[in-house]
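# Structural characterization, general
Below, each chain spelled out in residue letters.
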Amino acid sequence: MKFLFFSWLVVFVGSWIIYVQYSTYTELCRGKDCKKIICDKYKTGVIDGPACNSLCVTETLYFGKCLSTKPNNQMYLGIWDNLPGVVKCQMEQALHLDFGTELEPRKEIVLFDKPTRGTTVQKFKEMVYSLFKAKLGDQGNLSELVNLILTVADGDKDGQVSLGEAKSAWALLQLNEFLLMVILQDKEHTPKLMGFCGDLYVMESVEYTSLYGISLPWVIELFIPSGFRRSMDQLFTPSWPRKAKIAIGLLEFVEDVFHGPYGNFLMCDTSAKNLGYNDKYDLKMVDMRKIVPETNLKELIKDRHCESDLDCVYGTDCRTSCDQSTMKCTSEVIQPNLAKACQLLKDYLLRGAPVEIREELEKQLYSCIALKVTANQMEMEHSLILNNLKTLLWKKISYTNDS
């Protein structure tokens, strides 16, 4: 009798957990809704882009495995004309900014309402310029970036930007990840943009989508203790020389976004799940939605009411301090990108590191983690530490097959 009772209890609890997880999955994964919204707008001529016909007419672009972590940020593995990619689509957005969730307003109250019919190309360029000035600051080369955006917006490459293409481009430019992909389109570690339709866009996929661990079915993940999962993650990593090559890639990406051609971008979530690598062990960014322009973040977070420093955080890693005399957040981010990257790489690189460089590697990593934005000559220290780390790692792996 006891056996039957406990068997029934296990079945009941297991079924309840699976039901709850399934309900969560259906809330998170709303690809059909996203496709319907986009295709309705495309078929009525509101939006246009190189991915529209494949998504809505020939259906040669389709959604595969759901990777979404938030209902309003849809993400899927996808296939487009037999090429693998990652499809990202934005759903409805709250009418206010919430620093606990997202920095950027994904969609306006009326979808794809700008630019309006009758807007000239010159007026559209002025709109884009003003947006960049607000996001990136007043820089002398913003006109070059505007021209670059117009080239990307011309999805059919006919030499003209149609109203539908302009509406799609304007919606996409509200998204920091899309802007960063355009700015860094020639950089090795930035995923390539494959196409877009409205504010749905497709980017290249990578074979390995996290620095750590293996992918398990979500039902199995439910029953694995977090401590054991972390141990598993450490076991299922590449060999140390390959980890060193991936780490060098992350350091190079930090260089790309640190005072790049259009200003400094801040990495506000440097968790392992946002970084991946290909079959050659070259680092590829998987998710750049929490990499934001420094000017944009400062403008939005300054003077924010706070009780403590905990109220002055965006994402998980962009922190400013709370001025107790005014009870307002300051605008200066405390930790630079490099320090956050080194924090992530510390355990990753030290585990299995060759004995002859372990002590020096540990010393350099801890010096890197201690970097502060407010320190004197921070930029000089930043460059010195970054170059020293890259040199140490390259020197050790340059004569191995893994390099």
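Everything below is about the structure printed above this text.
So, a few notes on the structure that sits alongside this text. (Residues numbered from 1 in each chain as written. Predicted model: local features only at pLDDT ≥ 70, side-chain atom pairs only at ≥ 80, totals over all residues. Heavy atoms only, no water.)

## Regarding the sheet that holds strand β1 (residues 61-66)
- Spatially, the five strands line up as an open sheet ordered β1-β2-β3-β5-β4, and their pairing is antiparallel. Only two strands of the sheet have a single partner each, and these edge strands are β1 and β4 (193-197). Taking the axes of each pair of neighbouring strands and ignoring which way they run, one obtains an average angle of 30° across the sheet.
- With four bridges joining them, β4 and strand β5 (residues 200-204) adopt antiparallel strand pairing. Following the sheet pairing, Cys 197 is matched in β5 by Leu 200. (Pairing = 2+ DSSP bridges. Helix = DSSP H or I, 4+ residues; strand = E, 2+ residues; numbered from the N terminus. Axes fitted to C-alpha atoms, helices over the stretch in contact; angles between N-to-C directions.)

## Focus: the nonpolar core
- Counting 76 residues, the largest nonpolar core has Phe 132, Leu 211, Trp 240, Phe 253, Leu 338, Leu 361 and Leu 393 as the members making the most contacts within it.
- Excluding anything up to four places from it in sequence, Leu 211 contacts Thr 237, Ile 246, Ala 272, Leu 275, Tyr 277, Leu 283, Leu 344 and Tyr 348.
- Counting residues in hydrophobic clusters, the runner-up holds 19 residues, among them Tyr 42, Ala 51, Leu 55 and Val 202. (Core = buried A, V, L, I, M, F, W, Y, C linked by side-chain atoms within 4.5 Å. Buried < 20%, exposed > 50% of the residue type's maximum accessible area, 1.4 Å probe, protein only. Contact = heavy atoms within 4.5 Å.)

## Things to note about helix α11 (residues 294-301)
- Turning to α11, its buried residues number three or more, namely Glu 294, Asn 296, Leu 297 and Ile 301. End-on view of α11: buried residues confined to an arc of 160°, all on one side of the axis.
- At the C-terminal side of α11, Asp 303 shows a positive phi close to 65°. (Arc of directions from axis to C-beta.)

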